[in-house]
Amino acid sequence: MTTIAAAGDLTIVSWGGAYTKSQTEAYFKPWMASTGYRILSEDYSGGLSEVKAQVEAGNVTWDIVDVEDAEAILGCDEGLFEEIDPEILPAAPDGTPAEEDFLEGAIGDCAIGTVAWSTAYAYNRERLSPPPSTIQDFFDLEQFPGRRGMRKTPKVNLEMALVADGVPADQVYEVMATPEGIDRAFAKLDSIKEHVLWWEVGAQPPQLLVDGEVVMSTAYNGRIFNAIAAEGQPLAMVWDAQVLAGDNWAVVKGAPNLELALDFLRFASMPENMAVQASWISYSPVRRSAFERVGSYHADPDLKMGPHLPTWPDNMKTAIRNDAEFWADHVDELNERFNAWLIK
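Residues numbered from 1 in each chain as written. Predicted model: local features only at pLDDT ≥ 70, side-chain atom pairs only at ≥ 80, totals over all residues. Heavy atoms only, no water.

Asks: Looking at this model, I keep getting lost on empty space enclosed by the protein. Mind explaining?
Replies: A probe as big as a water molecule, rolled over the atoms, marks out the empty space that is left. Tallying each qualifying case throughout the model produces one cavity of 30 Å³ or more. Around the largest cavity sit 16 residues that line it, and Glu68, Trp117, Lys155, Val156 and Asn322 are the ones nearest its centre. Every element with two or more residues in the lining of the largest cavity is listed here: helix H3 (69–77), strand E4 (111–124) and strand E8 (235–251). Top element by residues in the lining of the largest cavity is E8. It accounts for three residues. By residue class, the composition of the lining of the largest cavity is eight nonpolar, three polar and five charged. Each of domain 1 (10–116 + 245–313) and domain 2 (119–244 + 317–343) gives at least three residues to the lining of the largest cavity. (1 Å grid on protein atoms, 1.4 Å probe; cavity = no way out; pocket = protein on both sides within 12 Å on 5 of 7 lines; lining within 4 Å. Points joined across faces, edges and corners; volume = space filled by probe spheres on them. Helix = DSSP H or I, 4+ residues; strand = E, 2+ residues; numbered from the N terminus. Nonpolar A, V, L, I, M, F, W, Y, C, P; charged D, E, K, R; others polar. Domains from an automatic or database assignment.)

Asks: I'm lost on the pairing of strand E5 (residues 148–151) in this one. Help?
Replies: Along a regular strand, successive side chains alternate from one face of the sheet to the other. Burial along E5 is two-sided: the residues Arg148 and Met150 and Gly149 and Arg151 are all buried. Bridge count between E5 and strand E6 (residues 196–199): four bridges; the pairing is parallel. Across the sheet, the residue bridging to Arg151 is Trp199, located in E6. Relative to strand E7 (residues 216–220), E5 is paired through two bridges, and the arrangement is parallel. (Buried < 20%, exposed > 50% of the residue type's maximum accessible area, 1.4 Å probe, protein only. Pairing = 2+ DSSP bridges.)

Asks: Is there a simple way to think about helix H9 (residues 204–211) in this case?
Replies: Each α-helix winds once per 3.6 residues, and so residues spaced three or four apart point in a common direction. Looking at H9, one finds that the buried residues are Pro205, Pro206, Leu208 and Leu209. Angularly, the buried residues of H9 cover 160° about the axis, an arc narrow enough to put them on a single face. Each element contacted by the buried residues of H9 is listed here: E4, E6, E7, helix H10 (221–229) and E8. Following H9 by one or two positions, Gly212 has its phi on the positive side, about 75°. (Arc of directions from axis to C-beta. Contact = heavy atoms within 4.5 Å.)

Asks: So what exactly am I meant to see when it comes to the pairing of E8 here?
Replies: The buried fraction of E8 is high, at 17 of 17 residues. As defined by bridge partners, strand E3 (residues 64–68) adjoins E8 across five bridges and the pair is classed as antiparallel. Within E8, the residue paired with Asp66 across the bridge is Trp249. Of the pairings in the sheet, the one linking E8 to strand E12 (residues 320–321) comprises two bridges and is parallel in character. Within the sheet, the bridge partner assigned to Val243 lies in E12 and is Ile320.

Pasting the structure below:
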């Protein structure tokens, strides 16, 4: 059932599941309590098509959307999001200006970073022994026979395939910038294509692993952590060649509640609130002063969140840093090629 927003209600659109739960606890509930306004939370599956449809029709019903890095750039370039003055953002507790406290690239012209997260791969400890430990293991059907789960998109899959094929993590996008590099990535994916079960929403990989539908699956690290910590599932992460990316708050162009939306962005950018979110899900805050405040899992004071965050030093050793500019420039052509490859 669709809830009709009243004047003054703020409609915020995000990804659902454990992620939206973390936003609800860290931001939505306390902001509503402090302002007296109501937040209507909706879920979507990403992309800009719904935002574009609203803006072009002149019938904008969403105020804020949680978008990935490349979509934040594209949406800004296409005039789908409001420009945001970083001066509205609160300083760090020690007085450091927000623009110096946020990680590099986390403040855009039309979007404000909220978390750093990763796609890595996971497996079921009760179903796979000895355990895999490298991205090469994910592509090794001889030593680790069985189906793999992968998101139905070229993003991440191409990057991981190249590292599995021997490309150093810090050279992935240099290789992907060439036709030969893209051919090489698809050739590596060809080696496991017949054994892949494609997933589209973040809740699927943990369930596929629990049910034994796949022996390994790429997944959002927060979804796997939630399955382990909140549901007690026997899953484990492999951080090798994780693809580190970011999510951002963006205000839809023509948002019906612009001033309230900007007030929410200020509130959600406070370091202490960002640290609260990291107690609910294993995504890293994108402010240094917030990362320093990260403590334990909200339901278990003995479970320290630091080692479960994608930006924890040990987890970053072989990380691939998502190049949002590359994907903003090439997403359409690579989606087209990927979709054609799928049906070959």
